[in-house]
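Understanding the architecture of this molecule
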Amino acid sequence: MKVLVSGGAGYIGSHTVVRLVEAGHDVVIVDNFSNAVPAVLGRLEALTGTAIPCHAFDLTDHDKTAHLFAAEAFEAVIHFAGYKAVGESVAKPLDYYENNLGSTFSLLRAMQRHDVTKLVFSSSATVYGTDQAGATEDRRTFATNPYGWTKVMQEQIMRDVAVASPEMRFALLRYFNPVGAHPSGTIGEDPSDVPNNLMPYIAQVAVGRREKLQVFGDDYDTPDGTGVRDYIHVADLAAGHVAALEALDRTQDAVNVWNLGSGRGTSVLELLHAFEKAVGRDLPYEIVGRRPGDVASSYADPAKANAELHWRTEKSVEDMCADTWRWQSQNPQGYAG
Ligand code: WQD
């Protein structure tokens, strides 16, 4: 299929582009590079053996988006583009609502005008609010921050569009905690600022960019007191997107919701020690206070995706750490060299 990947130069988007090309799809990227760098395009060409066309503009620009759909006969869209930092969303709610909802309005309008009926949407476990442990897709959705609300609202917008336009087919993919990098070590997660997330922060401590890891609380109701999360290797996540895209071709359901996770929980200290094994030495850390808004445990019930997509995670936490370390040690400053 000819697929438009919005945010395709980003962390999850770039890994999904590789998987789409490997599966024989024809890919076009649109990205405003607000949280990605053009250098990734050269890495993608080296990995896939093909130059991936990339249009650099903001999807909230209705005219440019309409022009792109008029020029290219897309058969499907995978929509990653959006702001995604929980803390930042609390400080800048209007930026988050305007960008995340505005880009989706623009995309859906262009899709409808050009009869593009398949959309795979990058949603998040954050739509389960504080109720993330063992979450199944039928659980009610709510949020505890503006970022999470933009995901809840985008899912609702797509449900309502599906009622008005029954020919549409939506896959709402709720990710848990994406980590890892392509096994080649040539593409990976490259936060533009101080990493909010655990794995890239540990990787930057290991490569000497950060002094030590701060563990946000060890007094949670979990086996070792630190936060438990369902980490999923970005390569498994990319495979889940291709499986969902291809499932839209055969499903009669207009809206399809799938959790993409392993179903297993890993604590902060367990992940840190697994990373130390990958690096071959201890890494400095200190236990500090809890981070506001964190939940104790979050892990998926992935049974629906396992059954309906014939997909499951294959990579272990050790793979996630080894692949992250290969990417970070080969690219100490990320794509900046
Ligand atoms: C994981 C664990 C922290 C950093 C977030 C978003 C979620 C999704 C994934 C977009 C927690 C602890 C972290 C650090 C730490 N993003 N931690 N020290 O919060 O589960 O999920 O990213 O969809 O929406 O909420 O991921 O990696 O930030 O935290 O101790 O320096 O690591 O307390 O227990 P989180 P995370």
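Cut-offs used in this document
- Residues numbered from 1 in each chain as written.
- Predicted model: local features only at pLDDT ≥ 70, side-chain atom pairs only at ≥ 80, totals over all residues.
- Heavy atoms only, no water.
- Helix = DSSP H or I, 4+ residues; strand = E, 2+ residues; numbered from the N terminus.
- Contact = heavy atoms within 4.5 Å.
- Areas by Shrake-Rupley, 256 points an atom, 1.4 Å probe, with all protein chains shown as cover.
- Lys, Arg positive; Asp, Glu negative; His and termini not counted.
- Charge placed at Lys NZ, Arg CZ, Asp CG, Glu CD.
- Salt bridge = Lys/Arg side-chain N within 4 Å of Asp/Glu carboxyl O.
- Buried < 20%, exposed > 50% of the residue type's maximum accessible area, 1.4 Å probe, protein only.
- Polar contact = N/O pair within 3.5 Å; in protein donor to acceptor, adjacent residues only side chain to side chain.
- Near = heavy atom within 4 Å.
- Nonpolar A, V, L, I, M, F, W, Y, C, P; charged D, E, K, R; others polar.
- Expected span 1.5 Å × (residues − 1).
- Phe/Tyr/Trp six-rings, centres within 6.5 Å; stacked < 30°, edge-to-face > 60°.
- Lys NZ or Arg CZ within 6 Å of the ring centre and 35° of its normal.
- Pairing = 2+ DSSP bridges.

The helix and strand tally for the chain stands at eleven helices and 15 strands. When the backbone C-alpha atoms are referred to their principal axes, the chain occupies close to 55 × 45 × 40 Å. In the chain, 78% of the contacts between residues at least 6 apart in sequence involve partners at least 24 apart. Accessible surface, the chain as shown: approximately 14100 Å² in total, 48% of it carbon and sulfur. Computed over 29 positive and 43 negative side-chain charges, the separation of the two mean positions in the chain equals 0 Å.

Moving on: the environment of Val288. Residue position: Val288 is located in strand β14 (residues 285-288). Not counting residues up to four positions away in its chain, the partners in contact with Val288 are Gln214, Val215, Phe216 and Gly217.

This next bit is on the pattern of salt bridges. Pairs can form between side chains of opposite charge whenever their charged atoms are close. Summed over the entire model, instances satisfying the criterion amount to ten salt bridges. Across the pair Arg139 and Asp131 runs a salt bridge whose closest N-O atoms are separated by 3.7 Å. For Arg139, a relative accessible area of 24% puts it in the partly exposed group.

Summarising the element assignment, Ser106 is placed in helix α5 (residues 93-113). A relative accessible area of 2% means that Ser106 is categorised as buried. Side-chain polar atoms of Ser106 contact the side chain of Thr65, separated by 3.2 Å. Apart from the residues lying within four places of it in its own chain, the contact partners of Ser106 are Leu59, Thr60, Asp61, His62 and Thr65.

Taken together, 18 residues surround the ligand, and among them Tyr147, Leu198, Gln214, Arg229 and Asp294 come closest. One nitrogen or oxygen atom from the side chain of Tyr147 is found 2.5 Å from an oxygen atom belonging to the ligand. Between the ligand and Asn177, the relevant distance is 3.0 Å, taken from an oxygen atom to a side-chain nitrogen or oxygen of the residue. Burial of the ligand by the protein amounts to 88% of the accessible area it has alone, namely 680 Å². A breakdown of the residues in the shell around the ligand according to their chemical character gives eight nonpolar, seven polar and three charged.

Moving on: unusual backbone geometry. Despite not being glycine, Phe33 has its phi angle at roughly 60 degrees, a positive value. The residue Phe33 is located in the loop between β2 (26-30) and α2 (39-48) in this model.

Our next topic: α5. When the terminal C-alpha atoms of α5 are compared, their 30 Å separation across 21 residues agrees well with the 30 Å that a helix rising 1.5 Å per residue should span. Within α5, the full set of buried residues consists of Tyr96, Asn99, Asn100, Leu101, Gly102, Ser103, Thr104, Ser106, Leu107, Leu108, Ala110 and Met111. Asp115 sits one or two positions beyond α5 and adopts a positive phi of about 55 degrees.

Let us now look at the packing of aromatic side chains. When we look at a pair of aromatic rings, we describe it by the centre distance and by the angle of the planes. For the structure on display, the rule yields five aromatic pairs. Between Phe69 and Phe74 the ring centres are 5.2 Å apart and the planes differ by 75 degrees, which places this aromatic pair in the edge-to-face class. Look at Phe69 and you get buried, because its relative accessible area is 2%. Taking relative accessible area as the criterion, Phe74 reaches 6% and is therefore assigned buried. Arg290 extends its terminal NZ or CZ atom over the ring of Tyr220, reaching a point 4.1 Å from the ring centre.

An order of β6-β15-β10-β13 is seen for the four strands of this open sheet, with the pairing classed as mixed. Edge strands, defined here as strands with exactly one partner in the open sheet, are β6 (133-135) and β13 (266-267). Across two bridges, the pairing between strand β10 (residues 228-229) and β13 is antiparallel. Looking at the pairing, Val228 lines up with Ser267 of β13.

Everything listed here is a matter of geometry and, on its own, says nothing about what the molecule does.
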